[in-house]
Amino acid sequence: MLILQGERNVCKDNEEENIIYPKATRSDWIGPPNPVSNIRPVVYFIRENETAAEKSFREKRVATLAWNQHFWRDHNYSFQQQREEFIRERLIHLRAQGKERQALTSEEMSEFYKKFLDENHEKHMMYNWSWYCKNVGLIWAALKALVAKSVGKSSIKMKKL
C-alpha cells in the first residue's frame with residue numbers, strides 16, 4: 001500500500017489494493033512494476049470539471065491497463081511455472097545419467113523458450129490484435145476528450161466576455 005501525506009482519496013488499482021494519494025495532485029501517479037506482470041499501476045488524475053468525454057477516456061485507459069495487467073500477470077505466472085518445471089525435470093534427467101549439475105546451459109534453456117513461444121503463438125497474436133484495437137479505441141476517445149475540453153475552455157472564455 002502506498003500512503004502519501006496530504007488530503008487523501010482512496011481508489012482501487014488493478015490489483016485491488018488500496019492506493020492512497022493526495023487530493024491536491026494535478027498529475028497521474030505511476031507506481032513500481034508489479035513483480036509478476038512487470039506492469040506499472042497508474043492512478044489517473046481526475047479533473048474537477050471532467051467532461052463526460054474525458055471521463056470515458058479515463059475509464060477506457062483504466063480498463064485497458066487492467067486488461068493488460070491481467071494478461072501479463074497470467075502469462076508471466078504460467079511462463080515461470082513452466083520454466084521451473086522444465087528446469088526441475090531436466091536436472092532430474094541429467095542426474096539420472098550421472099551428470100551432477102546445478103543449472104542448465106543457455107542452449108538447453110533455448111529449447112524451453114522455443115517450445116513456450118511456439119505453444120503460445122496464437123495467444124500472443126490474439127493479444128497483439130486486441131491491444132491494437134484497444135489502442136485505436138483509446139486514440140478516438142482521446143480525440144473526443146480533447147475536443148470536449150477545448151470546447152469547454154472556449155465557452156468559459158466566451159462567458160467571461
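Per an unreviewed UniProt entry, the recorded name for the chain is Apoptogenic protein 1, mitochondrial-like, and the organism is Limulus polyphemus. We quote the UniProt Subcellular location (unreviewed entry) comment for the chain here in full: "Mitochondrion inner membrane".

Colleague: Teacher, can you tell me more about the confidence of the model for the chain here?
Modeller: Residues shown with low pLDDT carry predicted positions that ought not to be read at fine detail. In this model, the chain carries a mean pLDDT of 83, and residues with pLDDT of at least 70 account for 80%. The lowest-confidence element of the chain is strand S1 (residues 8-12), averaging 37 in pLDDT; the highest-confidence one is helix H2 (residues 106-119), averaging 96. Across residues 1-16 the pLDDT falls below 50, and counting only partners more than four positions away or on other chains, this stretch makes 45 contacts in the model.

Colleague: How do you make sense of the nonpolar core when you look at a structure like this?
Modeller: It is characteristic of soluble globular proteins that their nonpolar side chains tend to be buried jointly. The biggest cluster of nonpolar side chains holds eight residues, and these are Phe79, Phe86, Leu91, Leu94, Leu104, Met109, Phe112 and Phe116. Broken down by secondary-structure element, the contributors of at least two residues to this core are helix H1 (52-96) and H2. Discounting residues that sit within four places of it in the chain, phenylalanine 79 has contacts with Phe112, Tyr113 and Phe116.

Colleague: It is not clear to me how the pattern of salt bridges should be interpreted in this structure. Could you clarify?
Modeller: The tally for this structure, following the rule as stated, stands at ten salt bridges. Across the pair arginine 101 and glutamate 108 runs a salt bridge whose closest N-O atoms are separated by 2.3 Å. Judged by its relative accessible area of 24%, arginine 101 is partly exposed. By relative accessible area, which is 14% here, glutamate 108 ends up buried. Residue lysine 114 pairs with aspartate 118 through a salt bridge whose shortest N-O separation is 2.8 Å.

The rules behind the values
- Residues numbered from 1 in each chain as written.
- Predicted model: local features only at pLDDT ≥ 70, side-chain atom pairs only at ≥ 80, totals over all residues.
- Heavy atoms only, no water.
- UniProt positions renumbered as here; feature names shortened; annotations may be inferred.
- pLDDT = per-residue confidence, 0-100.
- Helix = DSSP H or I, 4+ residues; strand = E, 2+ residues; numbered from the N terminus.
- Contact = heavy atoms within 4.5 Å.
- Core = buried A, V, L, I, M, F, W, Y, C linked by side-chain atoms within 4.5 Å.
- Buried < 20%, exposed > 50% of the residue type's maximum accessible area, 1.4 Å probe, protein only.
- Salt bridge = Lys/Arg side-chain N within 4 Å of Asp/Glu carboxyl O.

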